[in-house]
Amino acid sequence: MKLLKLPFKIIALPFILVLSILTPLIRFLFCYAKVILHIISGIGVLLSIALFFAGTTQGCIVFLILSFLISPLGLPAIAEKLVGGLSSLNHSLQQFVMS
């Protein structure tokens, strides 16, 4: 049985190497991008409030939607799930090779 798994373990090794290098790098970049997007989201909310008082409600709604998308509840949450999935895949492949 171990002999049948050997080719798959050899195929999995480059993927483990790439994921082991890319996952921490992506997580590092994600932390800084998250902070920058949070700041931009706050500026977008302030601009939408200014547009509301200026009388352009359509621009206000557009800025609120865009601010929600780049807030920590929007795109960064999706990116965090993807980074977690890559980390989980890396761990699963490592467990497969070590078994």
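Note that this is a predicted model, so its numbers are computed, not measured.

A. Broad picture of the environment of V97. In this structure, V97 sits in helix α3 (residues 75–98). Expressed as a C-alpha distance, the spacing of V97 and K9, which sit 88 residues apart in the sequence, is 5.3 Å. For V97, the residues in contact, after removing those within four places along its chain, are K9, A12, L13 and I16.

B. Representation of the confidence of the model for the chain in the model. Taken as a whole, the chain shows an average pLDDT of 90; of its residues, 100% reach a score of 70 or greater. Mean pLDDT across the elements of the chain bottoms out in helix α2 (residues 57–70) (88) and peaks in α3 (92).

C. Expanded view of the pattern of salt bridges. Within the structure shown, the criterion is met by one salt bridge. Where K34 meets E80, a salt bridge forms, and the shortest distance between an N and an O atom there is 3.7 Å. Separated by 46 residues along the polypeptide, K34 in helix α1 (residues 2–54) and E80 in helix α3 bring together distant segments of the chain. Residue E80 is classed as partly exposed on the basis of its relative accessible area, which comes to 43%.

D. Layout of the packing of α1 against α3. Between α1 and α3, the shortest axis-to-axis distance is 8 Å and the interhelical angle comes to 155 degrees. The angle between α1 and α3 places the two elements in the roughly antiparallel class. With respect to the hand of their crossing, α1 and α3 are arranged in left-handed fashion. Per-class residue counts for the contact of α1 with α3 are 17 nonpolar, six polar and five charged.

E. Examining α1 more closely. A bend of about 25 degrees at A12 is the largest found in α1, and the proline P14 appears one to four places after it. What α1 keeps buried is the set K9, A12, I16, L19, T23, F30, S41, G44 and S48. Buried residues in α1 make contact with α2 and α3. At the exit of α1 stands G55, carrying a positive phi of roughly 105 degrees.

Calculation rules
Residues numbered from 1 in each chain as written. Predicted model: local features only at pLDDT ≥ 70, side-chain atom pairs only at ≥ 80, totals over all residues. Heavy atoms only, no water. Helix = DSSP H or I, 4+ residues; strand = E, 2+ residues; numbered from the N terminus. Contact = heavy atoms within 4.5 Å. pLDDT = per-residue confidence, 0-100. Salt bridge = Lys/Arg side-chain N within 4 Å of Asp/Glu carboxyl O. Buried < 20%, exposed > 50% of the residue type's maximum accessible area, 1.4 Å probe, protein only. Axes fitted to C-alpha atoms, helices over the stretch in contact; angles between N-to-C directions. Parallel < 35°, antiparallel > 145°, perpendicular 65-115°, else oblique. Left-handed = near helix turned anticlockwise from the far one by under 90°. Nonpolar A, V, L, I, M, F, W, Y, C, P; charged D, E, K, R; others polar. Bend = angle between axes of the 7 residues up to and from the residue.

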